[in-house]
Every structure is written in structure tokens, then in C-alpha cells.
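The residues making up each chain are set out below.
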Amino acid sequence: MKKLLAALIAILLIAGIALIVVYERADSETLPLDAAARSIAPGEFVQLADGFTHYELGGPDDGSVVILVHGFSVPFYIWDTTYEELTTSGYRVLRYDLYGRGYSDRPDTAYDGALFERQIVDLIEALELEEPIEIIG
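### Focus on the overall build of the chain
So, step 1. Of the regular secondary structure elements, the chain holds four helices and five strands.
So, step 2. In the chain, the succession of helices and strands from N to C terminus is α-α-β-β-β-α-β-α-β.
So, step 3. Of all 137 residues assigned to the chain, the portion counted as buried reaches 35%.
So, step 4. Across the chain, contacts joining residues at least 24 apart in sequence account for 69% of those joining residues at least 6 apart.

### Comments concerning helix α4 (residues 113–126)
So, step 1. The terminal C-alpha atoms of α4 lie 20 Å apart, and with 14 residues this matches the ideal 20 Å at 1.5 Å per residue to within 8%.
So, step 2. Inspection of α4 places L115, Q119, I120, D122, L123 and I124 among the buried residues, and these make up the whole buried set.
So, step 3. For α4, the elements touching its buried residues are β1 (44–48), β2 (51–58), β3 (65–69), β4 (92–96) and β5 (133–136).
So, step 4. In the stretch just after α4, E128 is the one whose phi turns positive, near 55°.

### Brief notes about the nonpolar core
Burial of nonpolar side chains together is a common tendency in soluble globular proteins.
So, step 1. Core analysis: the biggest nonpolar cluster contains 16 residues, and Y55, I67, L94, Y96, L123 and L129 have the highest contact counts within it.
So, step 2. Within the residue set of this core, elements represented by two or more residues are β1, β3, β4 and α4.
So, step 3. Counting residues per element, this core draws most heavily on α4, at four residues.
So, step 4. In contact with L129, other than residues within four places in its own chain, are L57, V65, I67, L94 and I124.

### Digging into the sheet that holds β4
So, step 1. Read across the sheet, five strands follow the order β1-β2-β4-β3-β5 without closing on themselves; strand pairing throughout is mixed. With one partner strand each, in any of the chains shown, β1 and β5 form the two edges of the open sheet. Strand after strand, the sheet turns through a mean of 30° between neighbouring axes, direction not considered.
So, step 2. Pairing analysis gives five bridges linking β1 to β2, with the strands arranged antiparallel. Counted as the bridge partner of F45 is H54 from β2.
So, step 3. Along the sheet face, helix α3 (residues 80–88) touches β2, β3 and β4 and points at about 160° away from the line of β4.
So, step 4. Docked against the sheet, α4 engages β1, β2, β3, β4 and β5, running at close to 110° with respect to β1.

### Brief notes about the environment of T87
So, step 1. Turning to its location among the elements, T87 is positioned in helix α3.
So, step 2. With a relative accessible area of 15%, T87 lands in the buried category.
So, step 3. Setting aside residues no more than four positions away along its own chain, T87 makes contact with G58, G59, P60 and V93.
So, step 4. Separated by 3.1 Å, the side chain of T87 and the backbone oxygen of E84 make a polar contact.

Quick notes on the rules
- Residues numbered from 1 in each chain as written.
- Predicted model: local features only at pLDDT ≥ 70, side-chain atom pairs only at ≥ 80, totals over all residues.
- Heavy atoms only, no water.
- Helix = DSSP H or I, 4+ residues; strand = E, 2+ residues; numbered from the N terminus.
- Buried < 20%, exposed > 50% of the residue type's maximum accessible area, 1.4 Å probe, protein only.
- Contact = heavy atoms within 4.5 Å.
- Expected span 1.5 Å × (residues − 1).
- Core = buried A, V, L, I, M, F, W, Y, C linked by side-chain atoms within 4.5 Å.
- Pairing = 2+ DSSP bridges.
- Axes fitted to C-alpha atoms, helices over the stretch in contact; angles between N-to-C directions.
- Polar contact = N/O pair within 3.5 Å; in protein donor to acceptor, adjacent residues only side chain to side chain.

Shown next as C-alpha cells:
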């Protein structure tokens with residue numbers, strides 16, 4: 001019984017360490033934001049006034065435009081299911097990482113409403129998105 005318990009504890013310990021390693025390697029916010037990191041990222045990048053923004057734009061070109069803005073702590077992948085559902089339903093969908101999250105740059109500036117407002121306006125202009133635009137956050 002003691003050997004079985006010891007083996008179970010060892011397996012749990014190894015599994016826990018493996019999960020930590022996988023999480024650290026998969027966490028895009030701990031990677032240096034360079035050409036190598038950007039080359040493995042899904043989606044695309046555009047240079048805006050305050051740095052590179054990571055985004056994905058999908059759905060038909062003539063679809064109604066919907067922009068998905070993630071919350072404080074989780075990058076754009078939080079929208080995976082919603083993004084897929086909207087694009088397959090005929091919407092033109094943009095999701096992007098806010099500055100300081102995911103694969104978007106982490107500019108050395110105040111992270112306030114003005115920064116994020118500038119980011120979304122610059123992104124809409126850079127991607128030449130047509131109004132009307134629905135924003136979901």
C-alpha cells in the first residue's frame with residue numbers, strides 16, 4: 001500500500017510540474033515579442049501608433065462588421081467559439097489582443113482608456129473596416 005501511495009504521489013508531482021512547464025511555454029505574455037514569437041502566432045500583425053497589434057480578421061468581406069474586445073486578463077483566444085460561430089454565420093469578425101496582452105506589443109506608457117481607444121480606432125482605420133461596426137466586449 002505504501003508503494004502504491006508513493007507511486008501515486010510521484011505521478012501527481014510529475015504531472016503538476018509538467019502542467020506548469022506547458023503553461024509557461026504556452027503563455028504568450030511571457031514570451032519576448034520578436035519576429036520569432038510573431039512567426040508562430042496565429043493571426044496577423046499590424047504596426048499602429050503605439051506598437052504592433054496582433055489580430056485575426058475573418059468572415060466574408062461583405063459581412064456586417066463585429067469587433068470582439070477581450071477583458072482585462074485573457075487575450076483574444078477567449079473569443080474562439082464566438083469568433084468561429086460569427087464568421088460561419090456570415091459576419092466579418094475582428095478580434096485582437098489589447099496592448100499588454102497576448103502577442104500585441106507592451107508599450108512603455110500609461111495603460112488607460114486613451115491608449116485602448118487609440119488602438120481600436122487605429123486598427124479600424126488600418127484594416128479599412130466599413131461602418132456600421134458592432135463592438136462586443
